[in-house]
Amino acid sequence: MLWGKPAEFIFIGIKKQKGNYTHQTRFVTVGAMAGDSINLSSAILRSTDVQILGSGLGTWTSEETKILNTEILPEAFDLAAKGALRLNIESIGIEDVETYWHKKLDNAKRLVVNL
């Protein structure tokens, strides 16, 4: 649900690496609670390995939405209730970003930063 000024600050922070930035960053926005628009410098996109993606049910067809509601979500909730749904993540607080900035993670693991 992050966009607006917080997203701008994240992109500015990525840019401040002054060309030494090598980690791929995938920024997925699923909402705009902090604002619907951002100012994004073209230099950030040209000098970093960042992907910006949007995700929302508005892009799904009615058939895809039906499958989500009748098949995917019930199975996911069932697996979660049984403790069988596992995501391979390493979760850190925003205060630990500097410590993890250059840390190598297992290729199957994703780093999640909690704000």
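So, here is what we can say about the structure in this document. Computed from a predicted model, the values in this text were never measured in an experiment.

### Digging into the nonpolar core
One recurring pattern in soluble globular proteins is that nonpolar side chains are buried together.
Step number 1: In this structure, Trp3, Ala7, Phe11, Ile14, Phe27, Ile38, Ile44 and Val50 together form the largest nonpolar core, which totals eight residues.
Step number 2: When residues in this core are grouped by element, the largest group, three residues, is from helix H1 (residues 4-15).
Step number 3: For Ile38, the residues in contact, after removing those within four places along its chain, are Trp3, Gly4, Ala7, Glu8 and Phe11.

### Observations regarding the pattern of salt bridges
Step number 1: Tallied over the entire structure, the rule returns four salt bridges.
Step number 2: Salt-bridge contacts for Lys5 lead to Glu8; the nearest nitrogen and oxygen are separated by 3.0 Å. With Lys5 and Glu8 both in helix H1, this residue pair falls three residues apart, about one helical turn.
Step number 3: For Asp78, the salt bridge is made with Lys82, and the minimal N-O distance between the two is 2.9 Å.
Step number 4: When its relative accessible area of 37% is taken as the criterion, Asp78 is described as partly exposed.
Step number 5: One salt-bridge network, held together by shared partners, links Glu90, Lys103 and Lys109.

### Notes on H1
Step number 1: The end-to-end C-alpha distance of H1, which contains twelve residues, comes to 17 Å, matching closely the 16 Å that a straight helix rising 1.5 Å per residue would cover.
Step number 2: Regarding H1, the residues found buried are Gly4, Ala7, Glu8, Phe11 and Ile14. Down the axis of H1, the buried set is contained in an arc of 120 degrees. They therefore lie on one face.
Step number 3: Of the surrounding secondary structure, the elements contacted by the buried residues of H1 are strand S1 (25-29), helix H2 (42-47) and strand S2 (50-54).

### Brief notes about the packing of aromatic side chains
Step number 1: Scanning the entire structure with this criterion turns up three aromatic pairs.
Step number 2: Both rings, one in Trp3 and one in Phe11, keep their centres 6.5 Å apart while their planes meet at 80 degrees; by these two values the pair is edge-to-face. Taken individually, Trp3 and Phe11 each receive the classification buried, so the pair is uniform in this respect.
Step number 3: Pairing Phe11 with Phe27 gives two aromatic rings, centres 4.9 Å apart and planes at 45 degrees, and the pair type is tilted. Here the residue Phe11 occupies a position in helix H1, and Phe27 occupies one in strand S1, the gap between them amounting to 16 residues.

### Concerning a negative patch on the surface
Step number 1: Judged by side-chain charge, Glu63, Glu64, Glu71 and Glu75 come together as a negatively charged surface patch.
Step number 2: For Glu71, the location among the structural elements is in helix H3 (residues 62-81).

### Quick word on the environment of Pro6
Step number 1: Note that Pro6 resides in helix H1.
Step number 2: Residue Pro6 is classed as partly exposed on the basis of its relative accessible area of 30%.
Step number 3: Sequence-wise, Pro6 and Tyr100 are 94 residues apart; in three dimensions their C-alpha atoms are separated by 20 Å.

Conventions adopted
- Residues numbered from 1 in each chain as written.
- Predicted model: local features only at pLDDT ≥ 70, side-chain atom pairs only at ≥ 80, totals over all residues.
- Heavy atoms only, no water.
- Core = buried A, V, L, I, M, F, W, Y, C linked by side-chain atoms within 4.5 Å.
- Buried < 20%, exposed > 50% of the residue type's maximum accessible area, 1.4 Å probe, protein only.
- Helix = DSSP H or I, 4+ residues; strand = E, 2+ residues; numbered from the N terminus.
- Contact = heavy atoms within 4.5 Å.
- Salt bridge = Lys/Arg side-chain N within 4 Å of Asp/Glu carboxyl O.
- Expected span 1.5 Å × (residues − 1).
- Arc of directions from axis to C-beta.
- Phe/Tyr/Trp six-rings, centres within 6.5 Å; stacked < 30°, edge-to-face > 60°.
- Patch = residues over 30% accessible without salt bridge, like charges linked within 9 Å, V, L, I, M, F, W, Y side chains within 5 Å.
- Areas by Shrake-Rupley, 256 points an atom, 1.4 Å probe, with all protein chains shown as cover.
- Lys, Arg positive; Asp, Glu negative; His and termini not counted.
- Charge placed at Lys NZ, Arg CZ, Asp CG, Glu CD.

Just distances and angles here, no functional claims.
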